[in-house]
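Given next are the chains, with one letter for each unit.
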Amino acid sequence: MMERPVGGFGVYVHWPFCLAKCPYCDFNSHVRHKPVDQQDYINAMLRELDYNAQFVASQPVDSVFFGGGTPSLMEPRTVEAILEGINRYWPIGENAEISMEANPTSVEATRFAGYRAAGVNRLSVGIQALNDKDLKILGRQHSVDEAVKAVEIARTTFERISFDLIYARPDQTLEGWEQELNRAIDLAADHLSMYQLTIEEGTMFHRLYAAGKLEMLDPDYAADMFDLTQEVTASRGLPAYEVSNHAVPGSECQHNLVYWRYGDYIGVGPGAHGRLSLANGQRMATLTEKHPETWLGLVESKGTGIIETGDLTCEEQSDELLLMGLRLREGIDVARYEALAERHFDAARLTVLQEEGLVEWIGNSRLRATPRGVGVLNAVITELVS
């Protein structure tokens, strides 16, 4: 019997459809003006789970995450059928975290009870801003009033909730962000994800920025907002446990910890990624077709929408572990990294990074980026792998 993966084991399910494409979003999301046949996607998801079962021995699932796109466009019966499919191969225990991303429109909030009955026990609500002006700029389909009502419904429906906010928005001020943050913490149960607005290639914001029609905040001012975020959340009892994620201790997102701790996860649905430890000792990466209808056709004809697989080299694995793990406040297990990399960290480089206040040891076995190091994390990682 295979050993349980270090870092845990999860299943990611991607629902690729949205009501509208947000102008900042570069995720694999698609707008369809006619309702999709959800039974077709249920059947395809189940077939893809069956395909993945050949690679992953039966073992308990630590977490399931429905992401997107907008998973709250799924019917509760779709969620239930997929969870039943997962449970056939990998038992979902009583303590497993089953998360779902949701938008706070009033229509989608009416489905919350159905998702809870289907088995979802943690909801992540995509609020993004707590003022109507910025919600409009961000292309969101809800108002602040709808968002607040959706959070109230979620708090009475799910054991745990989280929601997302975007900061460093055009014309945003530190004072305004601090007020918004405190209001968010007043609303949130135990977890917040805060992301700095960035210009991603291929988005509407990218086109507007390139045409000089969108002005971003000064990078130093945006960095001040990041620092303010750390201060406010820590003072209110939700310290950062990862670069962009804050939680009451014990309420961290278990599924995302599987990624950051470099655990194993199956990815099903259009554009989903996977990382799997195989019985032969190799670690396999998988990638599925992004376009929903093309993915559907591949699953119907071949049993899977996976279009790329590959065994990761030791160097690739150690690089991924470092990239993911140094985002965490708990840092990385140095022995695990060095075993994968088949080399030790360069002692001189490590000493310089410590002297510059960019990394620090936790006891004798773990290394993490300092708060200052987090601000230049890519440079820190480059130094460590050179």
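Summary of the structure given here. (Residues numbered from 1 in each chain as written. Predicted model: local features only at pLDDT ≥ 70, side-chain atom pairs only at ≥ 80, totals over all residues. Heavy atoms only, no water.)

A few words on a negative patch on the surface. A cluster of acidic side chains, namely Glu175, Glu178, Asp218, Asp220, Asp224, Asp227 and Glu231, defines a negative patch on the protein surface. Within the residue set of the negative patch, elements represented by two or more residues are helix H7 (174-187) and helix H9 (219-235). Counting residues per element, the negative patch draws most heavily on H9, at four residues. For Asp227, the position within the fold is in helix H9. (Patch = residues over 30% accessible without salt bridge, like charges linked within 9 Å, V, L, I, M, F, W, Y side chains within 5 Å. Areas by Shrake-Rupley, 256 points an atom, 1.4 Å probe, with all protein chains shown as cover. Salt bridge = Lys/Arg side-chain N within 4 Å of Asp/Glu carboxyl O. Lys, Arg positive; Asp, Glu negative; His and termini not counted. Charge placed at Lys NZ, Arg CZ, Asp CG, Glu CD. Helix = DSSP H or I, 4+ residues; strand = E, 2+ residues; numbered from the N terminus.)

Let's shift gears to the sheet that holds strand E15 (residues 332-333). Within a beta sheet, neighbouring strands are joined by backbone hydrogen bonds and run either parallel or antiparallel to one another. The antiparallel open sheet is built from three strands, whose spatial order is E15-E17-E16. The sheet is open, and its two edges are formed by E15 and strand E16 (359-362), each paired on a single side. As paired elements, E15 and strand E17 (residues 366-369) share two bridges and run antiparallel to each other. Bridge assignment links Asp333 to a residue of E17, and that residue is Arg366. Each of E16 and E17 touches helix H14 (residues 347-355); the most contacted strand, E16, lies at about 100 degrees to it. (Pairing = 2+ DSSP bridges. Contact = heavy atoms within 4.5 Å. Axes fitted to C-alpha atoms, helices over the stretch in contact; angles between N-to-C directions.)

A few words now on the nonpolar core. Counting 101 residues, the largest nonpolar core has Phe66, Ile86 and Phe163 as the members making the most contacts within it. Not counting residues within four places of it along the chain, the set of residues in contact with Ile86 comprises Val11, Val13, Leu49, Val61, Val64 and Ile92. If you look at the next biggest cluster of nonpolar residues, it comprises twelve residues, including Tyr241, Cys253, Leu257 and Val258. (Core = buried A, V, L, I, M, F, W, Y, C linked by side-chain atoms within 4.5 Å. Buried < 20%, exposed > 50% of the residue type's maximum accessible area, 1.4 Å probe, protein only.)

With that settled, the discussion passes to the state of the cysteines. As enumerated under the stated definition, the model contains zero disulfides in all. Considering cysteine sulfurs only, Cys25 is the nearest to Cys22, which forms no disulfide, with 6.2 Å between them. What makes Cys22 buried here is its relative accessible area of 12%. (Disulfide = S-S within 2.5 Å.)

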